[in-house]
Amino acid sequence: MSFWTKKSRIVITCAKGVPPFLKQEISSLGFPVLSAGKAEVETEGTLEDTLRLNLLIRTGQRILFLLESFNTKTPDELYKRISRISWEDYIPEDSYFSVTSSVYTPTVNDSRFANVKCKDGIVDRIKEKRGRRPDSGSERNRIVVHLYWKGNVGQVFFDTSGEPLSKRGYRMIPLKAPMQETLAAAVVLASGWAGEGNFVNPMCGSGTLAIEAALIALGRAPGLLRSNYGFMHLKEFGESSWKVLRRKIRAEAKDRFNGRIIATDISQQAVEAAKKNAMTAGVDRFIEFGVCDFSQTPVPTNGGVVILNPEYGERMGEIENLRETYKKIGDFFKKKCQGYKGYIFTGNLDLAKKVGLRIDRRITFFNGPIECRLLEYDLYEGTRKGDELQAPIIK
Ligand SMILES: C[S@@+](CC[C@H](N)C(=O)[O-])C[C@H]1O[C@@H](n2cnc3c(N)ncnc32)[C@H](O)[C@@H]1O
């Protein structure tokens, strides 16, 4: 039996806050959800299954396939356990590998040390079997081995993604404070928008939310945009079945959806970058772009989702100006977005208070180290005459 068809545990990592959406994705692809942590969800399957997962998962960062799990207390024990694994069966001649690690054990206070021990175990094993050292380094564009060592338990995985899945390959021009692609996908999924009604995205920046929305509405696999993954560099990788799978998944996508996607930004440069990124992602013809102040964004009357990711400011002067911006977002919601679900993604809750509307739902996400909220506002039809600026549009 080839190691490609052997079942094992698969851990899919993600940003904190994302597991509920990742769980839904995993289940809807027909995989079991075995457990979920703060920043990962565990399922099971074969190495072959990771091809599909890498292509289809939108909100996960890395698809880790468990190779071995063992008890280990010290770095020397780790080395011994690692060098017992038959790496020569997995790593081809003339290949290259890198090791990443997460280490939480009292005997090691610098995870780089565990990394080196793990790498040495692999190199020495292969040298003994082949008489030649394999190439290794820090590049993650070929085979990536991931070590997870917590307490007395060491787990060795293949990081089948290689580079993280947030690197979809379409964001050639990232601009200032872009949202990670996988997080943007989770935010779109959290809004519930999937192609019906309109997706209005003022302050679109480099276009990540609008592009992810288009990919979701079309049912296009985000992984099709990339051509390199960690699993491709393992022995016995089936190039032809990979091509068949890609073709099949490509054919399953739709070529239209009912709603409209409108993305605007005050910066001409941002809109130009967003357009180019959308073009690279192959979705530019599904997004209507415009340069304007957010308050001038055209909002079609038939409802949908309106979503903004304003800056949240680090310096005092910036925050002072942003107070006014957040207040104006509240006015924009009330005046122009009736019948919509409004969303603000922000890392500054004090600023969010300036919006002045009742928050109907708040979802915590982490944008890197920053704790953020996706705030939801139900913007019901009809404003109250006379006091519309003060009156929040609430149930
Ligand atoms: C945090 S960035 C958005 C990042 C975006 N989500 C991405 O992934 O690239 C905020 C954006 O708001 C834009 N912006 C700031 N003030 C604006 C205004 N008054 N009207 C429209 N856009 C504005 C900025 O040009 C910037 O592109």
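Just above, that's the structure.
Residues numbered from 1 in each chain as written. Predicted model: local features only at pLDDT ≥ 70, side-chain atom pairs only at ≥ 80, totals over all residues. Heavy atoms only, no water.

*Asks:* What is the right way to look at the sheet that holds strand β1 (residues 7-13) in this model?
*Replies:* Hydrogen bonds between backbone groups are what pair the strands of a sheet, and the pairing can be parallel or antiparallel. Taken in spatial order, the eight strands of this open sheet run β2-β3-β1-β4-β8-β7-β5-β6, and their pairing is mixed. Of all strands in the sheet, those with a lone pairing partner are β2 (35-36) and β6 (135-136), marking the two edges. Pairing analysis gives two bridges linking β2 to strand β3 (residues 40-46), with the strands arranged antiparallel. When the sheet's bridge partners are listed, Ala36 is paired in β3 with Val41. Helix α1 (residues 19-28) contacts β1, β2 and β3 of the sheet and is inclined by roughly 20° relative to β3. Contacts from helix α3 (residues 75-83) reach β4 (62-71), β7 (143-150) and β8 (153-159) within the one sheet, and its direction differs from that of β4 by about 110°. (Pairing = 2+ DSSP bridges. Helix = DSSP H or I, 4+ residues; strand = E, 2+ residues; numbered from the N terminus. Contact = heavy atoms within 4.5 Å. Axes fitted to C-alpha atoms, helices over the stretch in contact; angles between N-to-C directions.)

*Asks:* Just checking my understanding: could you explain the site of the ligand for this structure?
*Replies:* Within the structure, the ligand sits among 16 residues, and Ser206, Thr208, Asp265, Phe294 and Asn309 are positioned closest to it. With respect to the ligand, the side chain of Asp293 contributes an N or O atom lying 2.9 Å from a nitrogen atom. One of the backbone nitrogen or oxygen atoms of Phe294 is found 2.9 Å away from a nitrogen atom of the ligand. Notes on the ligand: free accessible area 610 Å², of which the protein chains cover 88%. Of the residues in the shell around the ligand, the class split is eight nonpolar, five polar and three charged. (Near = heavy atom within 4 Å. Polar contact = N/O pair within 3.5 Å; in protein donor to acceptor, adjacent residues only side chain to side chain. Areas by Shrake-Rupley, 256 points an atom, 1.4 Å probe, with all protein chains shown as cover. Nonpolar A, V, L, I, M, F, W, Y, C, P; charged D, E, K, R; others polar.)

*Asks:* Mind showing me how you'd approach helix α6 (residues 208-218) here?
*Replies:* For α6, the buried fraction is high: 11 of the 11 residues fall into the buried class. Among the residues of α6, Thr208, Leu209, Ala210, Ile211, Glu212, Ala213, Ala214, Leu215, Ile216, Ala217 and Leu218 are the ones counted as buried. (Buried < 20%, exposed > 50% of the residue type's maximum accessible area, 1.4 Å probe, protein only.)

*Asks:* Explain the sheet that holds strand β9 (residues 198-201) here, please?
*Replies:* Here seven strands make up an open sheet; going across it, the order is β11-β10-β9-β12-β13-β15-β14 and the pairing mixed. Each having just a single partner strand, β11 (287-291) and β14 (361-367) make up the two edges of the open sheet. When strand polarity is set aside, the average angle formed by the axes of neighbouring strands in this sheet is 20°. Looking at chain direction, strand β13 (residues 340-346) and strand β15 (residues 370-379) are connected through seven bridges and run antiparallel. Residue pairing across strands places Ile344 opposite Leu375, the latter belonging to β15. On top of the sheet, helix α5 (residues 181-191) reaches β9, β12 (304-308), β13, β14 and β15; it is set at about 170° to β14, its chief contact.

*Asks:* It is not clear to me how the packing of helix α2 (residues 49-56) against helix α7 (residues 239-251) should be interpreted in this structure. Could you clarify?
*Replies:* A pair of packed helices is captured by two measures, namely the crossing angle of their axes and the spacing between those axes. α7 packs onto α2 with a crossing angle of 40° between their chain directions and a minimal axis gap of 11 Å. With respect to their mutual orientation, α2 and α7 come out oblique. For the pair α2 and α7, the crossing hand works out as right-handed. Contacts from Leu51, Arg52, Leu55 and Leu56 of α2 reach α7 at Trp242, Leu245, Arg246 and Ile249. Classifying every residue of the contact of α2 with α7 by side-chain character gives six nonpolar, no polar and two charged. (Parallel < 35°, antiparallel > 145°, perpendicular 65-115°, else oblique. Left-handed = near helix turned anticlockwise from the far one by under 90°.)

*Asks:* Can you walk me through the nonpolar core in this structure?
*Replies:* Generally speaking, nonpolar side chains in soluble globular proteins are found buried as a group. Core analysis: the biggest nonpolar cluster contains 113 residues, and Trp87, Ile122, Val283, Phe333 and Phe365 have the highest contact counts within it. Counting residues per element, this core draws most heavily on α6, which supplies nine residues. (Core = buried A, V, L, I, M, F, W, Y, C linked by side-chain atoms within 4.5 Å.)

*Asks:* It is not clear to me how the packing of aromatic side chains should be interpreted in this structure. Could you clarify?
*Replies:* The description of an aromatic ring pair uses the distance of the two centres, along with the angle that the planes make with each other. A full pass over the atoms with the stated rule returns 20 aromatic pairs. The interplanar angle of 85° and the centroid separation of 6.0 Å between the aromatic rings of Trp87 and Phe158 together place this pair among those described as edge-to-face. Here Phe158 lies in strand β8 and Trp87 lies in the loop between α3 and β5 (96-104), a separation of 71 residues in the sequence. In this pair, the class of Trp87 matches that of Phe158, namely buried. Pairing Tyr229 with Trp242 gives two aromatic rings, centres 5.8 Å apart and planes at 80°, and the pair type is edge-to-face. In this pair, Tyr229 is assigned in the loop between α6 and α7 and Trp242 in helix α7, connecting sequence segments 13 residues apart. Members of the aromatic cluster, joined through ring pairs, are Phe3, Trp4, Trp87, Tyr90, Phe158, Tyr229, Phe231, Phe237 and Trp242. The ring of Phe366 carries the charged tip of Lys16 above its face, separated from the ring centre by 4.3 Å. (Phe/Tyr/Trp six-rings, centres within 6.5 Å; stacked < 30°, edge-to-face > 60°. Lys NZ or Arg CZ within 6 Å of the ring centre and 35° of its normal.)

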